[in-house]
Amino acid sequence: MPATQQFPFAAFVVEVAFLGDHTVFALGDGSLRWVEGNVAKKAEIHSGAILSAAPTRDGKAMVTGGDDGKVVLVDASSAVKRIALVEKKWIDHVATGPDGAVAFAAGRQVFIRLGDGREKVLDLERAVGGLAFAPKGTRLAVASYDAVTLWWAGTDAEPVRLAWKGAHLGVAFSPDNRFVVSAMQENALHGWRLEDGKDMRMSGYPAKTRSLAWTPKGRFLATSGANSAVLWPFQSKNGPMGKQPTLVGGRADMLATRVAAHPREEKVAIGYQDGMVILADIGERKEVALRKAGGGPISALAFDKTGKRLAYGTEDGTGAIVTL
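Residues take numbers from 1 onward in each chain, read along the sequence in its written order. Only residues with pLDDT of at least 70 get local features here, since the model is predicted, and only at 80 or more are side-chain atom pairs given and counted; chain-wide, interface and lining totals rely on the full set of residues. Values reported for side chains reflect all heavy atoms of the structure, with hydrogen atoms and water molecules removed beforehand.

Draft legend 1. Seen up close, the environment of P159. Its location among the elements puts P159 in the loop between β16 (145-152) and β17 (160-173). Throughout this description, buried means an accessible area under 20% of the type-specific maximum (1.4 Å probe, protein chains only), exposed means over 50%, and partly exposed covers the range between. Given the relative accessible area of 26%, P159 is considered partly exposed. Spatially, the C-alpha atoms of P159 and L140 are 9.5 Å apart, while their sequence positions differ by 19 residues. Discounting chain neighbours no more than four positions away, the residues touching P159 are T149, L150 and W151. Secondary structure elements follow DSSP: runs of H or I no shorter than four residues count as helices, runs of E no shorter than two count as strands, and numbering proceeds from the N terminus. Contact criterion: two residues are considered in contact whenever any of their non-hydrogen atoms come within 4.5 Å of each other.

Encoded structure:
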C-alpha cells in the first residue's frame, strides 16, 4: 500500500486541496489545517462551522463559507482575507471561477465577486442548491428548485433557464463547456446540451449523487451514489444519451461517497461509506486499495495538480495524504 501520512483532526473534514506545496483541510469546527512536512498547523477562521469550501482555479488559495456568514480567502502561506460578511446567514455554497471570480450563496441569494472588483447580487425565488462557474469566462450556473439558471456574471443579460422539475442540489459544467449536469434530490442526474438545450437523464442510482468529477478533457463524468463509481461517457456530441455508464470500484454492500478524477490520466479515486479508498484505472479496469475499510465515511477527496498525491478526509475527523 502506498505511503500515507495520517492526521487525527477530530472534526468533520469538509474539503481538502493542495495549495502549492501545502495540503489544506477545511474542517467542520471552523478551522483550517495546513500540512507542512509531518505537522498539521491549525488556524481558526470561522466562529462557527465551515459549511462549504473550494480551491481557487489557480490552485493558490481556498475559499470557505461558514455558518457565521463569513466568506474567507486563505492562501498557501496561511494569510487570511475576509471577502464578505452576510449578517445572520449561512454560506451554504461557494464556487471559484476564472481570473479570481468567486460566487457564494446564502439562502435565496447569490453574491458574485469578479476578479476586477465588480460585484453582483442575484435574487432567486427558491433556495440555492449549488453553484458552478463555466471553464472560461464569467458564466455562472445556479442550481435551484425546478431549474438550473445560467447567468453572465459580468453583464445585465437575462439568464438562460434550463428547466427540469424537482430540486437540483448540485451543478457542474463539462470542461469543454458543451454540457451542464445537475445532481437531483431524487437519485438521478439531469443534463443539458448547451448548444440546443437538449435534455439528458441519468438515473438508476440507489442513493443521492453528492460528488461529481470530470476526467481529463471531459471524457467521463465520474459520480458517487452507487456501489461503484458511475462514469457517464461525454466524448460524443450527444454525451451519454443512449449509452450505458462504465462502473469501476464496485463493492457489493457499500456506497461510494466521494470521487476525484486524476488530472492527467484516465483514473479515478473513490471513497466509500466505510472509509475505504480505491484508485481505479478506467481503461484497464485495474484497482488498488489506498485505504482499508474502517472509520467514518470519506467526505473529501482530491489529487494534487501532478496526480502524484491524493488527500482524503473522513466524517469522523481523519485526514490523510497518500503518495502514489
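Next comes the rest of the account.
Draft legend 2. Quick look at the nonpolar core. Throughout this description, the term nonpolar core refers to a set of buried Ala, Val, Leu, Ile, Met, Phe, Trp, Tyr and Cys residues connected via side-chain atoms within 4.5 Å. In this structure, A229, L231, V248, V259, V268, I270 and Y272 are the most contacted members of the largest nonpolar core, which totals 17 residues. Of all the elements in the fold, those that place two or more residues in this core are β22 (220-223), β23 (229-233), β25 (256-261), β26 (267-272) and β27 (277-281). Ranked by size, the runner-up nonpolar core spans 16 residues in total, among them V110, L114, F133 and L140.

Draft legend 3. Up close: a positive patch on the surface. Every patch collects residues that have over 30% relative accessible area and no salt bridge, joining them within 9 Å if they carry like charges and within 5 Å if they are nonpolar side chains (Val, Leu, Ile, Met, Phe, Trp, Tyr). Accessible areas in this description were obtained via Shrake-Rupley with a 1.4 Å probe; residue shielding takes into account the shown protein chains only. When a carboxyl oxygen of Asp or Glu is within 4 Å of a side-chain nitrogen of Lys or Arg, the pair counts as a salt bridge. In summary, the charge assignment counts Lys and Arg as positive and Asp and Glu as negative, without counting His or the chain termini. By convention, the point assigned to a charge is CZ for Arg, NZ for Lys, CD for Glu and CG for Asp. On the surface, K60, R264, K305 and K308 cluster together into a positively charged patch. When its relative accessible area of 56% is taken as the criterion, K60 is described as exposed.

Draft legend 4. Looking closely at the environment of H46. Mapping H46 onto the fold places it in the loop between β5 (39-44) and β6 (50-55). Owing to a relative accessible area of 5%, H46 belongs among the buried residues under this scheme. Excluding residues that lie within four positions of it along the chain, H46 makes contacts with G30, T64, G65, G66, D68, K70 and V72. Engagement of the side chain of H46 in a polar contact is seen with the side chain of T64, the distance being 2.8 Å. Residues adjacent in sequence count toward polar contacts only when both atoms are side-chain atoms; beyond that, a polar contact is any pair of N or O atoms within 3.5 Å, and within protein one must be able to donate a hydrogen and the other to accept it.

Draft legend 5. Representation of the packing of aromatic side chains. In summary, the pairing rule links any two rings of Phe, Tyr or Trp, Trp by its six-membered ring, whose centres are within 6.5 Å, and it sorts them by plane angle into stacked for under 30 degrees, edge-to-face for over 60 and tilted for everything else. In total, this model carries 5 aromatic pairs according to the counting rule given. With centroids separated by 5.0 Å and ring planes inclined at 55°, the aromatic side chains of F9 and F25 adopt a geometry described as tilted. Taken together, the residues span a long stretch of sequence, with F9 in the loop between β1 (3-8) and β2 (13-19) and F25 in strand β3 (residues 22-27) at a distance of 16 residues. On the basis of an interplanar angle of 75° and a centroid distance of 4.9 Å, the ring pair of W214 and F234 is categorised as edge-to-face. Here W214, found in strand β21 (residues 212-214), pairs with F234, found in the loop between β23 and β24 (246-248); they are 20 residues apart in sequence, far enough to count as distant. The same class applies to W214 and to F234, which are both buried. Ring pairs connect the aromatic residues F7, F9 and F25, which therefore count as one cluster. Distance and angle both matter: a charge sits over a ring if NZ of Lys or CZ of Arg is within 6 Å of the ring centre and within 35 degrees of the ring normal. If you follow R126 out to its NZ or CZ, it ends over the ring of Y145, 4.2 Å from the centre.

Draft legend 6. Main features of the sheet that holds β26. Taken in spatial order, the 4 strands make up an open sheet running β25-β26-β27-β28, and their pairing is antiparallel. Looking at strand neighbours, the two that pair on one side only are β25 and β28 (287-291), the edges of this open sheet. When the angles between neighbouring strand axes are averaged without regard to direction, this sheet yields 25°. Bridge count between β27 and β28: 4 bridges; the pairing is antiparallel. In the strand pairing of β28, A280 is matched with E287. In this description, strands pair whenever DSSP reports at least two bridges between them. Working convention: axes come from line fits to C-alpha atoms, limited for helices to the stretch in contact. Angles between N-to-C directions cover 0 to 180 degrees.

Draft legend 7. Spotlight on the pattern of salt bridges. Tallied over the full model, the rule gives 15 salt bridges. Between R113 and E119 there is a salt bridge, with the nearest N and O atoms lying 3.4 Å from each other. What makes R113 buried here is its relative accessible area of 18%.

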